[in-house]
Number of protein chains: 2
Amino acid sequence: MINGQQTENRRADGLRDTGGTLLTVQTYIPRGFFTCIGRDGKVFDELKYVWLQGRQVWMYCRLYRTMDRFHKPEILEAAKAGGTFLRKFARIMGSGGQWKCAFCLTREGKAVKIQRTIFSECFYVMAMDELSRATGDTDMQLEAEQMMEQLIYWVQVDSSGLGRPHLPGDVPTNSMAVPMMLLCLVQQITEGRGQKVAEKYRDLGNWCVQQILQHVQRDGTAVLENVSFDGTELQGCQGRLQNPGHALEAGWFLLQYSTQWGDKELQKTAISKFVEVPYQSGWDKEHGGLFYFLDVDGNCPTQLEWSMKLWWPHCEALVAFLMAYQQTKKPELLDMFSQVYEYTFNHFPDAENGEWFGYLTQEGKVALDFKGGPFKGFFHVPRCLYMCERILDDLLSNKA
Amino acid sequence: MINGQQTENRRADGLRDTGGTLLTVQTYIPRGFFTCIGRDGKVFDELKYVWLQGRQVWMYCRLYRTMDRFHKPEILEAAKAGGTFLRKFARIMGSGGQWKCAFCLTREGKAVKIQRTIFSECFYVMAMDELSRATGDTDMQLEAEQMMEQLIYWVQVDSSGLGRPHLPGDVPTNSMAVPMMLLCLVQQITEGRGQKVAEKYRDLGNWCVQQILQHVQRDGTAVLENVSFDGTELQGCQGRLQNPGHALEAGWFLLQYSTQWGDKELQKTAISKFVEVPYQSGWDKEHGGLFYFLDVDGNCPTQLEWSMKLWWPHCEALVAFLMAYQQTKKPELLDMFSQVYEYTFNHFPDAENGEWFGYLTQEGKVALDFKGGPFKGFFHVPRCLYMCERILDDLLSNKA
């Protein structure tokens with residue numbers, strides 16, 4: 001092959017960008033994954049979203065590492081190529097001398113956009129940690145830990161490195177996504193790495209749990225997406241916002257954590273407040289499915305997509321209900337699982353071309369017909385199926 | 001009244017925040033307008049969005065100044081109070097020593113968010129210029145001109161003061177909103193101020209027109225929302241994006257400009273490319289109404305709200321068709337006006353509580369039931385009715 005030749009973009013391995021550039025016979029620059037995939041599988045945009053690159057690497061490695069039927073060299077190779085792409089292109093040295101990750105890259109890996117939040121970095125940590133487990137590469141584990149330290153610094157010490165100016169009217173907000181994401185990372189980084197590592201992150205884990213529990217408001221009848229740092233309700237739309245799918249996802253994160261530390265009280269709270277409450281408030285009794293956003297006082301949310309039914313809250317709900325049932329054997333939790341299962345599998349899968357649609361109208365009609373986009377990648381669907389399969393296996397083998 | 005007393009928030013004058021603080025009998029701190037107004041008129045959020053504050057001041061002054069039945073002291077007073085609020089609270093000295101305007105303020109005027117774009121500043125200019133005309137206050141006119149110079153510097157010389165870091169993959173983009181908005185400001189600032197002022201801004205106006213015309217692509221069959229600065233199509237979703245309401249709004253801006261300068265060629269282009277083309281591509285032949293976003297290749301847009309019917313594109317379409325008819329007397333333009341009129345007045349007004357809804361599903365059902373929100377204020381509906389009334393008056397009196 002000739003130096004610099006752009007190989008043809010093959011479709012054989014689905015989302016993986018195989019159009020790499022061969023600078024010399026030895027130096028192939030890997031290109032990550034396309035994630036904007038149309039109804040019929042055609043790539044409709046070549047931008048590479050870092051959240052989705054990180055999540056895809058994580059998912060491949062997790063499947064490779066923990067499920068026999070996915071323990072295949074081509075899955076590991078795809079994950080490694082994605083990881084190399086991320087390490088080479090996703091990290092950007094920020095103006096304050098701190099590493100940031102871009103939100104979005106061109107096909108060739110040039111940064112297009114950097115968010116002033118922590119989430120690209122979080123998915124980078126997930127990818128690197130899981131990749132280090134699949135490959136045994138301790139450099140990647142170190143990189144995950146270093147980025148994790150950076151994240152903790154931003155969240156607990158000084159967020160100015162994120163680049164958002166402090167404004168006098170911008171009330172400090174405990175947004176549920178932040179402690180949820182960090183709790184997920186604590187579980188990722190500590191899993192199976194022994195008591196010493198678990199203890200190292202114990203305080204952070206507990207802090208995340210406390211931050212998440214502050215979102216239970218209105219005498220325990222609602223989970224609000226944004227609260228103050230001392231756990232009181234914020235004014236206005238932001239303060240009244242509910243995101244049922246997010247609350248359900250937090251629910252199963254808390255359930256996992258309560259199991260790890262044998263915390264029965266937390267298990268109880270997780271089920272009653274983060275599994276049952278969001279279902280009661282978030283389920284659309286007229287058309288079925290979980291609303292994307294709601295206002296706790298019954299006002300109309302200002303998000304244009306508030307009434308749409310998205311794939312990922314349904315994925316999170318399936319995991320949350322099944323895990324809650326696994327831990328309690330309460331039949332009503334299995335009923336909720338069945339109801340969400342029926343809705344999900346009747347509405348999201350595309351019988352014609354495979355894969356799931358992501359975005360339905362309130363009435364359940366496909367509103368956006370692509371299979372992958374800027375926020376829908378190889379993550380929520382496979383993670384849900386993976387988690388549910390494991391729980392069901394446990395239930396069937398009476399281990400649970 | 002007692003010093004510092006918070007007066008009760010009265011509803012009598014609709015959206016105006018009357019809950020001012022009387023620090024001394026003389027120093028009343030004005031509070032601007034609430035814009036988040038529920039279905040029944042109740043304020044559901046007290047944040048004050050600067051785009052909407054500026055637009056409301058502009059609209060009050062324009063009505064006061066040019067229509068006898070709105071030439072009332074209470075309208076001028078409300079506009080002045082809004083202007084005082086803007087001057088006192090909206091402007092923030094940016095890190096680079098340049099004035100920025102906040103995007104959003106608390107009820108008390110503290111900055112909550114600053115966008116890294118030019119639009120808050122644009123609506124500030126519109127408000128100040130029109131207020132100077134209604135009041136004769138030359139300080140405000142000067143302020144409008146100074147901010148206008150700042151805007152021109154950002155757009156034509158150096159945008160780094162907006163605070164967006166330059167990233168290697170972030171392709172410079174001619175986004176239609178920018179030249180449209182500046183053309184609108186050129187017309188605002190020069191209107192009736194004599195030949196010297198008109199000539200001063202002539203080059204800028206022509207530059208805006210050229211920038212807008214670059215959005216006509218695909219051999220004249222499409223108006224694309226984002227193009228390169230040399231007028232070629234951009235890659236990916238961003239490059240294929242169409243926003244029919246925006247193109248129609250650009251259409252009537254161009255028609256006004258072509259009239260002012262007697263440019264028949266521009267008039268022809270404006271009608272064929274910015275009025276007829278967006279209607280043909282943007283009208284939903286199944287359910288009626290104008291789509292919010294479309295992809296020129298027929299892919300599904302990635303914006304979750306792409307198929308919704310918003311009030312403002314319909315407002316812009318009404319003005320565009322009626323003005324195009326006024327200038328040409330082509331009956332098919334009146335037919336298009338009638339079709340949009342029927343859809344608009346059958347779907348957006350709320351027969352029960354008055355005012356217009358803003359957001360419908362593709363099928364025409366109310367999707368968000370508030371009357372005012374972060375982006376819907378006292379602007380598109382009254383501007384549309386105002387423009388249409390003036391054009392219809394002209395048509396009926398045979399002046400046109």
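Predicted model only: the values in this text are computed from it and were never measured.

To continue, consider the overall build of chain A. A tally of helices and strands in chain A yields 13 helices and 19 strands. Taken over the C-alpha trace, chain A has a radius of gyration of 21 Å; the compact-globule value for 400 residues is 21 Å, and the two agree within 12%. Over its C-alpha atoms, taken along the principal directions, chain A stretches across nearly 65 × 50 × 45 Å. A burial count over chain A gives 58% of its 400 residues as buried. In chain A, of all internal contacts separated by at least 6 residues, the share reaching a separation of at least 24 is 61%. Treating the 42 positive side-chain charges of chain A as one cloud and the 48 negative ones as another, the clouds have centres 4 Å apart.

Bringing the relation of the copies chain B and chain A into the picture now. Both copies of the chain are related through a single rotation about an axis accompanied by a shift along the same axis. Overlay of chain B on chain A (RMSD 0.0 Å): rotation 180°, translation along the axis 0.0 Å. Such values leave the two copies arranged in the relation of a two-fold axis. Of every C-alpha in chain B, the one belonging to B:Glu305 sits nearest the axis of rotation, 3.2 Å from it. Interface residue correspondence from chain B to chain A reaches 97%, placing this contact among same-surface, isologous pairings.

The next subject is the interface of chain B and chain A. Contact residues are listed per partner, giving 39 residues for chain B and 39 residues for chain A. In total, about 2900 Å² of surface goes out of reach between chain B and chain A, with carbon and sulfur atoms giving 60% of it. When the area that chain B buries against chain A is broken down by residue, the three leading residues are B:Phe44, B:Leu167 and B:Leu304, summing to 20%. Linking chain B with chain A are 2 salt bridges. Measuring nitrogen to oxygen at the nearest pair gives 2.8 Å for the salt bridge that ties A:Lys365 to B:Glu363. Applying the counting criterion to the chain B and chain A interface returns 10 residue pairs in polar contact (both at pLDDT 80 or more). Mapped onto the side of chain B that touches chain A, the elements with two or more residues apiece are β5 (43–45), β10 (111–113), α8 (236–240) and β19 (366–368) of chain B. The biggest single contributor to the side of chain B that touches chain A is α8(B), with 4 residues. Of the residues contributing to the side of chain B that touches chain A, the split by class is 19 nonpolar, 8 polar and 12 charged.

Here we come to the environment of A:Ser159. By the element assignment, A:Ser159 lies in the loop between α4 (138–157) and β11 (174–175). Along the backbone, A:Ser159 and A:Glu121 are 38 residues apart, and their C-alpha atoms lie at a distance of 14 Å.

Here we come to the side chain of B:His380. Here B:His380 lies in helix α13 (residues 380–396). When residues no more than four places from it in sequence are discounted, the contact partners of B:His380 are B:Arg55, B:Trp311, B:Trp312, B:Cys315 and B:Glu316.

Turning our attention to the domain arrangement of chain A. Quoted interface sizes are often the accessible area lost when the parts come together. Residue and element names in this part refer to chain A. Along its sequence, chain A is carved into domain 1 (36–164) and domain 2 (176–400). Computed over C-alpha atoms, the centres of domain 1 and domain 2 are 22 Å apart. Counting residues at the interface gives 39 residues for domain 1 and 37 residues for domain 2. Where domain 1 abuts domain 2, roughly 3400 Å² becomes buried across the two surfaces, and 65% of that area is made up of carbon and sulfur atoms. When the buried surface of domain 1 facing domain 2 is broken down by residue, Arg39, Arg133 and Met148 rank first, second and third, together holding 20% of it. Counting across the domain 1 and domain 2 interface gives 4 salt bridges. A salt bridge links Glu389 to Arg69; the nearest nitrogen and oxygen atoms lie 2.8 Å apart. At the boundary of domain 1 and domain 2, one finds 15 residue pairs in polar contact (both at pLDDT 80 or more).

All names here are of chain B. For the structure shown, the criterion picks out 0 disulfides over all chains. Left without a disulfide partner, Cys122 is nearest to the cysteine sulfur of Cys184, which lies 8.5 Å away. A relative accessible area of 0% means that Cys122 is categorised as buried.

Criteria and thresholds
Residues numbered from 1 in each chain as written. Chains lettered and ligands numbered in written order. Predicted model: local features only at pLDDT ≥ 70, side-chain atom pairs only at ≥ 80, totals over all residues. Heavy atoms only, no water. Helix = DSSP H or I, 4+ residues; strand = E, 2+ residues; numbered from the N terminus. Rg over C-alpha atoms; globule rule 2.2 N^0.38 Å. Buried < 20%, exposed > 50% of the residue type's maximum accessible area, 1.4 Å probe, protein only. Contact = heavy atoms within 4.5 Å. Lys, Arg positive; Asp, Glu negative; His and termini not counted. Charge placed at Lys NZ, Arg CZ, Asp CG, Glu CD. Least-squares fit on C-alpha atoms with pLDDT ≥ 70 in both. Buried area = accessible area lost by both parts, 1.4 Å probe. Salt bridge = Lys/Arg side-chain N within 4 Å of Asp/Glu carboxyl O. Polar contact = N/O pair within 3.5 Å; in protein donor to acceptor, adjacent residues only side chain to side chain. Nonpolar A, V, L, I, M, F, W, Y, C, P; charged D, E, K, R; others polar. Domains from an automatic or database assignment. Disulfide = S-S within 2.5 Å.

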